[in-house]
Amino acid sequence: MTNNPKAPPRQKKKKTKPPSFSSIPDDVIVNILARISKSHYRSLSLVSKNFYSLLSSPHLYAARSLIGNTDARLYVRLWLHTPSSSHHSWFTLGYRQGQLSLVPVRILSSSYSPDRLNSTTVAVRSEIYQIGGSNEDKPTKAVRVLDCRSHTWRRAPDMKVARKHARSYYLDEKIYVIRGCTKTEETMSWGEVLDLKTQTWKPLPKPTSSDDYVDGVVFGGRLHVFTINNYKNYAYDPKEGRWVEEVGFVGLGRVSGPCWCVIGNEIFAEHEGKYTWYDPMNGKSVMVHGLKDVYTNRANNYRTIKLVNHGGKLVILWDEWNKSHREHKSVWCAVISLEKRLTPLGTRMWGRVERCDVVLDSVHKSYKLSSCLSVLV
């Protein structure tokens, strides 16, 4: 009879812990996050405190810029009135529950945080310059810069002249500011130019004409300014450093106000309730086709408040009276991709309505749209 040897005791397998994000170096995580669309950052910031910190780090945006992975992001600033106060609030165009929405932005307050009316704003890559404006109806020379990557403010050199209700434009690493000063000052200080490289302001003379110029546009490497009825126009050539009379833009019509923008080599505008495109090459304004969804969703009491170039797409913002609250309005937004088509009748512009939603359900009728700019972040 043989004794069966005892089987050796089974060794317990050691449980291996799943890999943790905390074991991955921060520079590796930053390199990964830099390749992800910024639209996902809001959700990713909830993963951990470290993620939240890395997503707001300047190193992340430097990495995104280095690999050329920047997203166009629309920033909207509204002047809101409540029974207790009136103030500016910033929003970005994003999504909530699968629907296009204006999402509030938490701007980090500082001693540089401006809350002025009647200022002009201009986008420069990932930053928004807020120029001039008024405090208690008194114009100011102040310039502040919002970094849209970190949502923080910083100072920039003050203008030479205080301005409110001015206009500003970005061209070749310079910011051009026109109008906004008193009639007495206008003869000597009609405009100013901020050189972003040297951070200095220099005067911009008025075109050699007594006409009143109400708005302008950067087009074809020059700054064009218009009279109220597009009667006489001038273009400033930064290379030559002088104004020249502009014979183009025939048939463009009235261009004052927020209801027009430039995308590529075309100017888009609203005329008599329809959205049109203007090609300076043939001097004609023609209706944009394919916008039935926009016209169907608009109420009869609508008011277009802004057209903007958002990463090559046309964004239209309009408001209309809220059906439930008599003293309130609803804000709508349409995002439209554009395509030129050659037809037997000539070249036509077609729009494809990608989204058309209510982005702000209820806002008091006294609100004002102060800024609507597309930046790269």
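All of these numbers come straight from a predicted model, not from anything done at the bench.

Trainee: Explanation requested: the overall build of the protein chain in the structure shown.
Mentor: Scanning the protein chain for helices and strands turns up six helices and 26 strands. Among the 377 residues that make up the protein chain, the fraction classed as buried is 45%. Taking as baseline every contact in the protein chain between residues at least 6 positions apart, the subset at least 24 positions apart corresponds to 49%. Split by element, the accessible area of the protein chain, about 21,500 Å² in all, is 52% carbon and sulfur.

Trainee: Would you take a moment to explain the side chain of D147 for this structure?
Mentor: For D147, the position within the fold is in strand β8 (residues 143-147). Apart from the residues within four sequence positions on either side, D147 is in contact with S126, E127 and T152.

Trainee: Looking at this model, I keep getting lost on the pattern of salt bridges. Mind explaining?
Mentor: Opposite charge on two side chains permits them to pair, given that their charged atoms come into close proximity. Going through the model one piece at a time under the given rule, you end up with 15 salt bridges. A salt bridge links E354 to K313; the nearest nitrogen and oxygen atoms lie 2.8 Å apart. In this pair, E354 sits in strand β25 (residues 346-364) while K313 sits in strand β23 (residues 313-321), placing the two residues 41 residues apart along the sequence. Accessibility expressed as a relative area gives 30% for K313, which makes it partly exposed. Several salt bridges converge on common partners, so that one network encompasses R303, D319 and K329.

Trainee: I tried to follow the sheet that holds strand β17 (residues 242-246) on my own but got confused; where do I start?
Mentor: Sheet strands line up and pair through hydrogen bonds in the backbone, either parallel or antiparallel. Sheet architecture is open: four strands sit in the order β14-β15-β16-β17, paired in antiparallel fashion. For this open sheet the edge positions go to β14 (213-219) and β17, each flanked by a neighbour on one side alone. Neighbour to neighbour, the strand axes of the sheet diverge by 30° on average, direction disregarded. By the bridge criterion, three bridges tie strand β15 (residues 222-227) to strand β16 (residues 233-237) in an arrangement that is antiparallel. Considered in β16, the bridge of V225 is made with Y234.

Trainee: What is the right way to read unusual backbone geometry from this model?
Mentor: Of note, E173 is a non-glycine position whose phi angle comes to about 60°, a positive value. In this structure, E173 sits in the loop between β10 (167-171) and β11 (174-178). Of note in the backbone geometry, R179 takes a positive phi value of approximately 60° without being a glycine. Residue placement: R179 occurs in the loop between β11 and α5 (183-189).

Trainee: Any chance you could explain the packing of aromatic side chains here in plain terms?
Mentor: A ring pair, where both rings are aromatic, is described by two values, the distance of the centres and the angle of the planes. If you walk through the whole model with that rule in mind, you get eight aromatic pairs. Residues F226 and W260 carry aromatic rings whose centres are separated by 6.2 Å and whose planes lie at 85° to one another, so their mutual orientation is edge-to-face. Highlighted residues: F226 in strand β15 and W260 in strand β18 (residues 260-263), separated in sequence by 34 residues. The pair F226 / W260 is uniform in exposure class, with both members buried. Chaining the aromatic ring pairs together yields one cluster made of Y176, W190, Y236 and W243. Between K274 and the ring centre of Y295, over which it is positioned, the NZ or CZ distance is 4.1 Å. Looking at K329, its charged tip hangs above the ring of W321, at a distance of 4.8 Å from the centre.

Trainee: I tried to follow the nonpolar core on my own but got confused; where do I start?
Mentor: Within soluble globular proteins, side chains that are nonpolar generally end up buried alongside one another. Core analysis: the biggest nonpolar cluster contains 22 residues, and L33, L60, Y75, W90, I128, C148 and V375 have the highest contact counts within it. Of all the secondary-structure elements, those providing two or more residues to this core are α1 (26-33), α3 (49-55), α4 (58-66) and β26 (368-376). Here L33 is in contact with Y41, L44, F51, L54, L55, L60 and R64, once residues within four sequence places are set aside. Membership of the second largest hydrophobic core comes to 20 residues, among which are L80, L100, V308 and V331.

Trainee: I keep staring at the sheet that holds strand β21 (residues 284-287) and nothing clicks. Help me out?
Mentor: With respect to topology, four strands assemble into an open sheet ordered β18-β19-β20-β21, the strand pairing being antiparallel. Either end of the sheet is taken by a strand with one partner, and the two such strands are β18 and β21. Going across the sheet, the axis of each strand differs from the next one's by a mean of 30°, ignoring polarity. Direction of pairing for strand β19 (residues 266-271) relative to strand β20 (residues 274-279): antiparallel, over a ladder of five bridges.

Trainee: Which parts of the structure should I look at to understand the pairing of strand β5 (residues 127-131)?
Mentor: Regular strands place their side chains on alternate faces of the sheet. Counting buried positions along β5 yields five of five residues, so the element is predominantly enclosed. Two strands pair when backbone bridges link them, and strand β4 (residues 120-124) and β5 are joined in this way by five bridges, in the antiparallel orientation. Bridging from a neighbouring strand, V124 pairs with E127 of β5. Here β4 hands over to β5 after two residues, with R125 in that stretch at a positive phi of 55°. Sheet topology note: the β5/β8 ladder contains five bridges and is antiparallel. Within the sheet, the bridge partner assigned to Q130 lies in β8 and is R144.

Reading the values: the criteria
- Position numbers for residues count from 1 along each chain, tracking the sequence in the order it is written.
- Given that the model is predicted, a residue must reach a pLDDT of at least 70 before its local features are reported, and side-chain atom pairs must reach 80 or more before they are shown or counted; all residues, however, enter totals for whole chains, interfaces and linings.
- With hydrogens and water excluded, all non-hydrogen atoms of the structure serve as input to the side-chain values.
- The numbering of helices and of strands both runs from the N terminus, where a helix is a DSSP run of H or I of at least 4 residues and a strand a run of E of at least 2.
- Exposure classes here rest on a 1.4 Å probe applied to the protein chains alone. A residue is buried below 20% of its type maximum, exposed above 50%, and partly exposed in between.
- Two residues form a contact once any of their heavy atoms are found within 4.5 Å.
- Calculation of accessible area relied on Shrake-Rupley with a 1.4 Å probe; when residues are assessed, cover is drawn exclusively from the protein chains displayed.
- Within this document, salt bridges are pairs made up of a side-chain nitrogen of Lys or Arg and a carboxyl oxygen of Asp or Glu, the two lying within 4 Å of each other.
- In this scheme, strands are said to pair when DSSP sees at least two bridges between them.
- The axes are straight lines fitted to the C-alpha atoms, using for helices just the contacting stretch, and the angles between their N-to-C directions are given from 0 to 180°.
- Each Phe, Tyr or Trp ring (for Trp, its six-membered ring) is paired with any other whose centre lies within 6.5 Å, and the angle between the two planes then decides the class: stacked below 30 degrees, edge-to-face above 60, tilted in between.
- Cation placement over rings: the criterion is NZ of Lys or CZ of Arg within 6 Å of the ring centroid and within 35° of the ring normal.
- Side-chain atoms within 4.5 Å link the members of a nonpolar core, which is a set of buried Ala, Val, Leu, Ile, Met, Phe, Trp, Tyr and Cys residues.

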